[in-house]
Amino acid sequence: MVLVRRGRAGASERPPYNCHRDLGPYAGVDAFLADLARDHPRQAARHCVELHSIVPALNPAKTAAADEQPIRFHPARRTAALSFGAAEFVAACAVRRPQAVHFVHADAADETTAELLATLTRRLASTPMALHLHDGGAPEPEAESRPTHLRAMLGDSLARGFYHHAVRTARRGRAAVTPETDLALWWSFTTGLATALAAVGHAVEALQLYAEAQAVTDDPRITMSAAYSTAMLYARHLPPARQNPAMARQWLERALHLAEGITDERRRVVSTIFYEQGIALLDSREGRANEALDLVNSGLVKLSTVLGADERRQDQARLRHNRAQLHLALGKAAEALADLDDVIAFDPENCEYYLDRAALHRAAGRTGAALGDYAAAIRLGPHLPEAYYNRATLYEETGRSGAAREDLRRVLAIDPAHLDARVALANLHLARGDLAAAEECVRSAPAERRDAPALLCTLGLIRSERGALDEADDLLTRALDADPGLAEAWTNRAAVRFERGDAGAAVADLDRAVVLSTAAEPRYNRATALMRLERWGEAAADLTAALAVPGLDAKLRRDLRAGLNRCRAHASSRGL
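Once a new chain begins, its residue numbering starts again from 1 and follows that chain's sequence as written. Where totals are concerned, whole chains, interfaces and linings use all residues; where local detail is concerned, this predicted model gives features only for residues with pLDDT of at least 70, and gives and counts side-chain atom pairs only at 80 or more. Hydrogens and waters are ignored; side-chain quantities use all the structure's heavy atoms.

Description of the pattern of salt bridges
Reasoning step 1: Here a salt bridge means any side-chain nitrogen of Lys or Arg lying within 4 Å of a carboxyl oxygen belonging to Asp or Glu. Using the criterion set out here, one finds 44 salt bridges in the structure.
Reasoning step 2: Between Arg123 and Glu88 there is a salt bridge; the shortest N-O distance is 2.7 Å. Here Arg123, found in helix α5 (residues 111-123), pairs with Glu88, found in helix α4 (residues 78-93); they are 35 residues apart in sequence, far enough to count as distant.
Reasoning step 3: For Arg123, a relative accessible area of 31% gives the class partly exposed.
Reasoning step 4: On the basis of relative accessible area, Glu88 is assigned to the partly exposed category, the value being 23%.
Reasoning step 5: Here the residues in one salt-bridge network are Asp470, Asp473, Arg493, Arg497, Arg500 and Asp509, joined through shared partners. Put simply, DSSP H or I for four residues or longer makes a helix, DSSP E for two residues or longer makes a strand, and each gets a number counted from the N terminus. Burial status follows relative accessibility: with a 1.4 Å probe on protein chains alone, a residue under 20% of its type maximum counts as buried, one over 50% as exposed, and anything between as partly exposed.

And the structure:
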């Protein structure tokens with residue numbers, strides 16, 4: 001038995017929950033959450049999206065994910081956000097009295113269950129609830145082996161975004177049937193396995209599966225689907241070094257050719273339109289946004305001839321979303337915003353669309369509208385880290401640093417490896433003078449991220465503020481060795497070297513920073529070092545250029561003017 005936390009005297013105990021992976025995604029924890037939701041309905045209502053995603057039985061009126069047409073595919077990272085929301089719900093329910101909760105077969109849990117248990121363990125550490133995780137326990141469940149049942153399980157896991165479970169289920173299904181015994185079932189397991197593998201970062205194996213499918217059958221529906229999926233692997237999902245736009249285009253043309261043979265007009269038109277969207281993607285990436293826009297517009301016209309206004313609304317939204325992105329690439333923000341309004345009307349439950357529209361509102365200065373869309377994205381995501389992060393930066397821009405810190409903490413609770421959020425939170429701590437919190441924020445990054453140049457740069461800045469100039473210089477040098485294009489590191493190392501009395505070395509570093517950055521700070525700092533070296537004319541030129549940078553804050557503008565006045569006074573004293 002692995003004891004996560006010792007139960008307290010007088011703690012009530014619930015019966016153990018069985019976490020074995022053969023019982024499905026979130027096994028054990030789904031029953032635990034259902035029990036809590038029954039006991040705490042008001043708290044459950046505040047976390048309904050994540051709870052319904054983990055425990056569909058809590059919302060019996062909703063169409064099963066696998067029965068939606070078309071199926072909405074979720075990113076693999078969504079489970080981390082679900083775990084965060086569920087843990088917040090449990091923590092809110094755990095404040096009243098001590099409880100001990102036992103989970104058996106924790107060693108054989110599905111990845112979704114293991115992730116949520118780990119999140120709960122961290123979140124509940126300061127609450128009266130104690131979790132006990134046990135290896136083994138009740139008799140192991142019998143693994144499902146009936147192909148038709150496995151296919152249903154696979155469809156459910158794919159539709160809900162639980163891809164590790166989908167991989168295991170699909171492999172089990174492929175072991176149970178062959179192309180010769182049941183081609184349709186075999187293809188369901190093969191394409192499902194490829195989809196799940198691509199989602200969890202194993203696109204190379206997915207590519208091999210589609211090649212296998214095209215080798216074992218000439219069935220046009222299978223080869224057409226495999227051709228399109230192969231194209232998308234080459235266009236999007238393979239490791240960057242393996243991506244190949246030319247190969248993607250060839251496979252899309254193959255899929256389009258096969259689509260011409262579909263006898264059913266409606267299916268032929270819909271398939272052709274969506275394969276053409278792949279061509280539009282490649283065109284836009286190659287700088288042919290107008291050609292891509294023509295394909296999307298023609299697709300929308302053709303789609304309207306075979307679909308009613310309320311049919312396949314998600315598909316109609318996707319095409320309009322593609323058009324919004326192209327309008328934005330062409331600098332047509334108003335058209336992009338109108339498209340996104342239509343997109344959200346067609347598919348109001350997709351969090352990504354609100355995130356995109358928030359960016360347009362924000363760029364146009366509509367802060368209230370942007371915040372509203374960020375809130376919708378967070379609610380529907382649920383807890384979309386990008387929405388929390390973007391809202392945090394907007395809060396910071398509008399002077400709400402406390403709210404910004406809270407959102408950034410949420411991002412890091414969901415995704416500890418989110419580098420931008422960690423740097424931003426450390427900088428907010430720095431801005432309020434909390435050097436200890438800033439340093440703790442940086443040093444608590446996951447081990448694999450601690451040598452990231454941006455984190456080394458931030459830690460170097462913190463250590464310099466704490467007077468450890470030699471250590472700061474070393475950290476900033478390491479950052480620059482890893483990323484010579486990091487302007488902030490050149491600027492910060494220059495400040496350290498200036499502080500150590502080496503104005504010449506500071507100027508050399510700032511020469512690099514000025515080349516890399518159009519910001520005013522590197523020029524201001526270089527002017528300061530140049531004045532130390534009594535190079536007044538060069539300093540005045542830097543200060544003048546810095547004053548021309550738009551959006552200067554009042555303090556920096558005052559400092560720039562004071563420095564320029566000093567340069568002019570020196571020139572006057574010398575009669576220049």
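Now, onward.
Here's the deal with the pairing of strand β4 (residues 129-133)
Where a strand is regular, its side chains alternate between the two sheet faces.
Reasoning step 1: Here β4 lies mainly inside the structure; five of its five residues are buried.
Reasoning step 2: Burial along β4 is two-sided: Met129, Leu131 and Leu133 and Ala130 and His132, pointing in opposite directions, are all buried.
Reasoning step 3: Judged from the five bridges that link them, strand β3 (residues 99-104) and β4 form a sheet pairing that is parallel. Each bridged residue has a counterpart across the sheet, and for Val101 the counterpart in β4 is Leu131.
Reasoning step 4: The handedness rule is simple: strands pointing away from the viewer, and a clockwise path from the first strand over the helix to the second, make the crossover right-handed. One crossover worth recording links β3 to the parallel β4 by way of α5, and it is right-handed. Should DSSP find at least two bridges between two strands, the strands are regarded as paired.

Some details on the confidence of the model for the protein
Reasoning step 1: On average, the protein scores 93 in pLDDT, and the residues at 70 or more come to 96%.
Reasoning step 2: For every residue, the pLDDT score states the predictor's confidence, bounded by 0 at the bottom and 100 at the top. Mean pLDDT across the elements of the protein bottoms out in strand β1 (residues 12-13) (62) and peaks in helix α19 (residues 401-414) (98).
Reasoning step 3: Contacts: residue pairs with any heavy atoms within 4.5 Å of one another. Here residues 1-11 is modelled with pLDDT under 50, and outside its nearest four sequence neighbours on either side it reaches 27 contacts, counting other chains as well.

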